[in-house]
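Residue-level structural notes
The residues making up each chain are set out below.
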Amino acid sequence: MAGIRLPPEDTDVTPPTRQPLTADLISDDDRSIAADSWSIKSDYGSTLDDDQRHADASEALAARQVAASDYSSDKEEPDAEAIPSMLGFQSYWDTAYADELTNFREHGHAGEVWFGADVMEMVASWTKGLCVDIAQKQEQNHHDNESSETGSEGDRDLAAWTVLDVGTGNGLLLQELAKQGFSDLTGTDYSEGAIDLARSLADRDGFASIKFLVDDILETKLDKQFHLVTDKGTLDAIGLHPDGPVKRIMYWESISKLVAPGGLVVITSCNNTKDELVQEVENFNQSKAMISQETDTPGESDAYANPTIFSYLDHIRTYPTFMFGGSVGSRVTTVAFVRS
């Protein structure tokens, strides 16, 4: 039950007290209230200004009669995810990363590791295992009955995987993936401060080859596809925007264009269970199938013969669990989907 939330792990750094950057930025008190409303920090909210795409997503949402609560399939009470929060706005993250960037420059600290360093390392190691398995199966299919590759050969296959981390924040997940053997790594975030921090940390820690770009996943300017797309908290924060349900649809539209056929998207969330994420993907698949059928012309039925865009592949089963209110749950869930 990833919907059960615990406070983020304490860090060994207390950010220095400083004045807000500008009058229109959120106050420290507002940020404290926002943090109390959602205890695990993520790297995205959206203030998308593209009215047409917003209208299209709203229309799709209405047609499917999906409300925010539809994503909570097994909860008796409303989830905090359905409650708008300041963490759904770019202004919050611009202020937060300005603080962390100042802290890095003055003290050399990387800032907070939300979800915890243990979760980040587990996600990187587990994701590597999925990718190596896929690479080995592809190699076996290519060479028919040849024996499978050794572990070291499988590791070398990771160099061929192009990786995108959306809402990368300080970019530390990409550093962990680099340690696992991935080399073609790109991180994006719509907060320029986050990208400045991520670049500074990567340069300092010996990962200068990692590419970082300012980009909003909801109106991405990227024009390439990736074999692996990772998301650690981004979808959570998008859901905290007042227009969260609409923006989540827009999120999946963008992700579907960024993941290459046969590629993976790995989502780590504190506001959704595995079953909720699987159901959300199924809703997206169904909506795309409906659109395909409505726009199809006679003789083009093959266009939607296989309407599935993403399929559930696996999830991490080894996260620590705890008892709360008579229920057993985990504060984080990580789920992998494969692109058809």
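Scroll up for the structure.
These remarks concern the structure in this document. Because the structure is predicted, anything quoted here is derived from the model rather than measured.

**Quick notes on helix α3 (residues 90–107)**
- Compared with the 26 Å implied by 1.5 Å per residue over 18 residues, the 25 Å span of α3 between its first and last C-alpha is a close match.
- Considered for burial, the residues of α3 that qualify are Q90, Y92, W93, T95, A96, Y97, A98, D99, E100, L101, N103 and F104.
- Among the residues trailing α3, G108 stands out with phi positive, at a value near 80°.

**Concerning the pattern of salt bridges**
- Inspection of the entire model under this criterion finds 8 salt bridges.
- Residue R204 is joined to D205 by a salt bridge in which the shortest nitrogen-to-oxygen separation is 2.9 Å.
- Given a relative accessible area of 44%, R204 falls into the partly exposed group.
- The salt bridge partner of K288 is E253, with a shortest N-O separation of 3.2 Å.

**Structural notes on the packing of helix α9 (residues 244–258) against helix α10 (residues 274–295)**
- Close contact between α9 and α10 brings their axes to 11 Å; oriented N to C, the two are set at 75°. With respect to each other, α9 and α10 are oriented roughly perpendicular. When α9 is examined against α10, the residues R248, W252, E253 and S256 are found in contact with a partner set consisting of E280, V281, F284 and K288.
- A class-by-class count of the residues in the contact of α9 with α10 yields 3 nonpolar, 1 polar and 4 charged.

**Some points on the side chain of T162**
- Position of T162 among the secondary structure elements: in strand β1 (residues 162–166).
- Within the local environment of T162, its side chain forms a polar contact with the side chain of H227, the two groups lying 2.9 Å apart.
- When sequence neighbours within four positions are dropped, the list of residues in contact with T162 reads D184, K224, Q225, F226, H227 and L228.

**Description of the nonpolar core**
- In terms of nonpolar packing, the biggest core is built from 47 residues, with W161, L177, F182 and L228 touching the most fellow members.
- Only α3, α4 (117–142), α6 (172–180), α7 (192–205) and β5 (259–269) provide two or more residues apiece to this core.
- Not counting residues within four places of it along the chain, the set of residues in contact with L177 comprises A124, V163, F182, L185 and T230.
- Core analysis: the second largest hydrophobic core is formed by 24 residues, V229, Y251, I267 and F337 among them.

About the criteria used
Residues numbered from 1 in each chain as written. Predicted model: local features only at pLDDT ≥ 70, side-chain atom pairs only at ≥ 80, totals over all residues. Heavy atoms only, no water. Helix = DSSP H or I, 4+ residues; strand = E, 2+ residues; numbered from the N terminus. Expected span 1.5 Å × (residues − 1). Buried < 20%, exposed > 50% of the residue type's maximum accessible area, 1.4 Å probe, protein only. Salt bridge = Lys/Arg side-chain N within 4 Å of Asp/Glu carboxyl O. Axes fitted to C-alpha atoms, helices over the stretch in contact; angles between N-to-C directions. Parallel < 35°, antiparallel > 145°, perpendicular 65-115°, else oblique. Contact = heavy atoms within 4.5 Å. Nonpolar A, V, L, I, M, F, W, Y, C, P; charged D, E, K, R; others polar. Polar contact = N/O pair within 3.5 Å; in protein donor to acceptor, adjacent residues only side chain to side chain. Core = buried A, V, L, I, M, F, W, Y, C linked by side-chain atoms within 4.5 Å.

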